[in-house]
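Residue strings, one per chain:
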Amino acid sequence: MLAGVFLGTAPGHASPLRETAERQVFTEPGELPQLTLKEDGKSVALPLEHTSVRAEVAGFVADVTVTQRFGNPYERPIEAVYVFPLPENSAVHAMRMVIGQRVIEAEVREREDARRTYDAAKAAGHTAALLEQERPNVFTQSVANIAPRTNIEVVLHYLQTLTYDAGEYELVFPMVVGPRFMPGTPLDRPNAGAGGKRDTDLVPDASRISPPVLGQGLRSGHDIELEVSIDAGLPIASFDAPTHETDALQDNDSLTVRLQAQDNIPNRDFVLRWRVDGNEPQATVLTHKGKEGGFVTLIVQPPQLDLEEIVGDRELVFVIDVSGSMSGWPLFLCQQAMTTALGMLRPVDTFNVITFSGAPGQLFERPRPANDANTQAAKAFVNGLAAGGGTYMLDAISAALRPSVEHGRRRYVLFMTDGFVGNEAQIIEATRRYVGTMKANGQETRVFGLGIGSSPNRYLIDGLGQAGRGLALYASLREDPAAAVNRTFQIIDRSILRDVHVDWGQLGVTDVLPAQIPDLFASRPLVVLARYREAKSGTVTVSGVAGKKTVQLPIAVQLAEPGSGRQALVPIWARAKIASIEPDLVSGDAEKAKRAILDLGLEFHLVTAFTSLVAVDRQSKVAGNAMTVVQPVETPEGVDAVRAGATQAAVKQKLTRLFAGSGSTGIAGSILGGGGGGTLSGSISNVVGTSGAGSATAGVGSGYGIAGVGVTGSGRGYGQGYGISGDRNKEVGSVAFSAPVVMGALSREVIQKVILENRQQVRYCYELELQRQPTLEGKVVVKWVIAANGSVAKILVVESTLPNKNVEKCILAKIRAWKFAPPAGGGIVEVNYPFVFRAPH
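What counts and what doesn't
Residues numbered from 1 in each chain as written. Predicted model: local features only at pLDDT ≥ 70, side-chain atom pairs only at ≥ 80, totals over all residues. Heavy atoms only, no water. Helix = DSSP H or I, 4+ residues; strand = E, 2+ residues; numbered from the N terminus. Buried < 20%, exposed > 50% of the residue type's maximum accessible area, 1.4 Å probe, protein only. Contact = heavy atoms within 4.5 Å. Areas by Shrake-Rupley, 256 points an atom, 1.4 Å probe, with all protein chains shown as cover. Pairing = 2+ DSSP bridges. Axes fitted to C-alpha atoms, helices over the stretch in contact; angles between N-to-C directions. Parallel < 35°, antiparallel > 145°, perpendicular 65-115°, else oblique. Nonpolar A, V, L, I, M, F, W, Y, C, P; charged D, E, K, R; others polar. Disulfide = S-S within 2.5 Å. Right-handed = clockwise from strand over helix to strand, strands pointing away.

1. A look at the overall build of the protein chain
Stage number 1. Assigned secondary structure in the protein chain consists of 14 helices and 45 strands.
Stage number 2. The buried share of the protein chain, reckoned over its 841 residues, is 60%.
Stage number 3. Contacts in the protein chain between residues far apart in sequence, at least 24 positions, make up 73% of those at least 6 positions apart.
Stage number 4. If you sum the accessible surface of the protein chain, you get close to 32000 Å²; carbon and sulfur atoms cover 49% of it.

Here it is as structure tokens:
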């Protein structure tokens, strides 16, 4: 396996061809270096070249086409393996493989049968494609026998329902699988997949959801284009894409949004939101009748009630993820969110703060009143948090939900996390169990998930909200987390319709989903899916309790005749049915649940945990044994990949490689050390950890990017001379570089570019003092003003938990000399930036 690239075991195999030939890895010159491989003296790219996404939105449904283009730059056939995300509620129903003029449509099969078909095709020299689901939001695409110097396209189709909240629609397209922590004891058997993490008793497929992750600032060469076309049916009043730079074309009730060409790195979720003019109807009924039967979707908007329900006494429990993946900017956002949340507590509330990584911690032994002394103690506690360690979330679930609620109070639990953990199903089921037990005991508890970061695990965070009878909200790195916190409190404080029941009258519907109708929140619609046999008309009555008042909403329904309606309702119902069965895989009759999911996947042609799509080109053969290349994924924006436990360079055997960098940030600094543009050579074994130090002087690479044991070699190259002499087998501290908070006419990207170009200077300031104070760590938030000519006019430290003034003075001196682009219009720009320093452990 190369750094960031696996050459070896394919998923599901113990020992196919392993490559041991020596190669070279290079970066291309430019702002973001691109990882390439050296094959017979020539630089060659990685197999995944391009992803194209086309989404067509009508009403509350998105119909999405994803095209992945794989190329083989080698002189021998290859197998490409790519682990990638899709929305957690996507119904993947079709795949085709395009080879030149030939188009091969995939068929759905039982997962093991699909794998056997693929393996047989691979062994026979046929080109084949296999799509497998690892999680509802994580998939593996395998393409075997891509002939030398050829391209293959794999085209996927899925449908999904949109999120609707407080009059705003939201479409999310995830672009990267974040590095997950895998709890449990490693299994004594070969891994099931080609990822870098060991399979464990708690996550037996860990190796299938842990693709290699590139180092900070390094590109794989894979880019993405995305276009969303919306037919809203009503005039579009406003829209926003907070995570990306876009171009848009609007024409009354239609909107087309495209990613700008310079914003095509797949390292964060794409989020698009829009509002329409006019009032949404109180209820919408969508129907379809075809060969699969009849399907109906009922969408009910929250009623406008003249009822001011007393919120009552509240107990609020804030649970903060402080595991390694939250290092830097994500934890800083949590701290900002907590500042907002603490300011919204009422004197009659009680509250507590719980943290989790290796073990849960908490501010108070039990919830305390929200008086000034306690909230100030909470602010000091939260601002002093530092991230590190694994994501042991089950313990935090127990700490937050197991204790009894004080009589007369309602408990609201807010989990702030990126969700980067592999045992999602166990966590969701534990939440459901605790909340259900408390409800049975007459204690009101709701759980809300607040997803933090650029690529949060929405399957887990949405699952927390659903299992906890609450909701999920999100705060990206490019948004103010206060908005999500405000929305949470608005939901908590607003009246909802409880104990909701839907009476379908004489319509004769079956298979109603969800089976237990959730409470209707003030800002979110109720969505109910069902099947029917005969086309009938009638009245559906939705009833519930608001405060102490019973509310009834009668809705006229006409079920469609055969041959009419919306075909998209079929896979959407089937996907929802599968989701309703999945909890039984953990806490029910697992074998019965597996059989039911398998039957649904085969009947409705869907990819599930037990069904896969496979396509085989039987018209031609490719000569030669295929070499397996596992496509590395980008580091999610704002994530310290090494601190998160990403498998940047985990190797299972001794390899000899030459790594060289000629880009502005340098691959060696991102993967194996050697500084910006430096080189590192040597023998590498059992390489794990965070960063390794080599000796350095001016003009020589400084050795950042991987730590570990048994690394030998020497650095040379073009890096800036901020290296610190030291023992190569000794770990050094780390500095987390996140996204800046900017006010003014310069983009975050422009400012971040300057910061990253000069990051070695900040490292130098820290490591100089680290030699004198080996346990030195903390956070320094620096604020500076960029003048009209691009110089730094004013700078100061606005917050610091780092007990060393020399580091602060050094950083201020370095930043004061930085040069930025002149702001547009001659104004000034204010920048706030947190530097998080972590000592070696």
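That covers the picture; the talk isn't over yet.
2. Quick look at the sheet that holds strand β31 (residues 510-513)
Stage number 1. The strand order across the open sheet built from 5 strands is β31-β32-β22-β21-β35, with neighbouring strands paired in antiparallel fashion. Only two strands of the sheet have a single neighbouring strand rather than two, namely β31 and β35 (564-565).
Stage number 2. Packing against the sheet, helix α8 (residues 569-581) makes contact with β21 (283-290), β22 (293-300), β31 and β32 (526-532), and its axis sits at approximately 75 degrees to β31.

3. Points about the packing of helix α4 (residues 393-401) against helix α5 (residues 424-440)
Stage number 1. Interhelical geometry of α4 versus α5 gives an angle of 10 degrees and a closest axis separation of 10 Å. One element, α4, and the other, α5, form an angle in the roughly parallel class. Every residue of α5 that contacts α4 at Met-393, Leu-394, Ile-397, Ser-398 and Leu-401 is listed here: Gln-426, Ile-427, Ala-430, Thr-431, Tyr-434, Val-435 and Met-438.
Stage number 2. For the contact of α4 with α5, the residue count by class is 9 nonpolar, 3 polar and no charged.

4. Some words on the state of the cysteines
Stage number 1. In total, this model carries 1 disulfide according to the counting rule given.
Stage number 2. Between the sulfur atoms of Cys-765 and its disulfide partner Cys-810 the distance amounts to 2.0 Å. Measuring handedness by torsion sign, the sulfur bridge of Cys-765 and Cys-810 sits at about -70 degrees and is left-handed. Of the two residues, Cys-765 is situated in helix α13 (residues 759-770) and Cys-810 in helix α14 (residues 805-816); the sequence distance between them amounts to 45 residues. Cys-810 carries the same exposure label as Cys-765, and that label is buried.

5. Some thoughts on the pairing of strand β24 (residues 350-356)
Stage number 1. Among the 7 residues that make up β24, 7 are buried, leaving the element largely enclosed by the rest of the structure.
Stage number 2. Of the two faces of β24, the one carrying Thr-350, Asn-352, Ile-354 and Phe-356 and the one carrying Phe-351, Val-353 and Thr-355 are both buried.
Stage number 3. Of the crossover connections in this fold, the one passing from strand β23 (residues 313-321) over helix α2 (residues 329-343) to the parallel β24 is right-handed.
Stage number 4. By the bridge criterion, 2 bridges tie β24 to strand β26 (residues 368-369) in an arrangement that is antiparallel. Bridge pairing in β26 places Phe-351 opposite Arg-368.
Stage number 5. Looking at chain direction, β24 and strand β25 (residues 361-362) are connected through 2 bridges and run antiparallel. For Ile-354, the partnering residue across the bridge sits in β25 and is Gln-362.
Stage number 6. Joining the antiparallel neighbours β24 and β25 is a turn of 4 residues.

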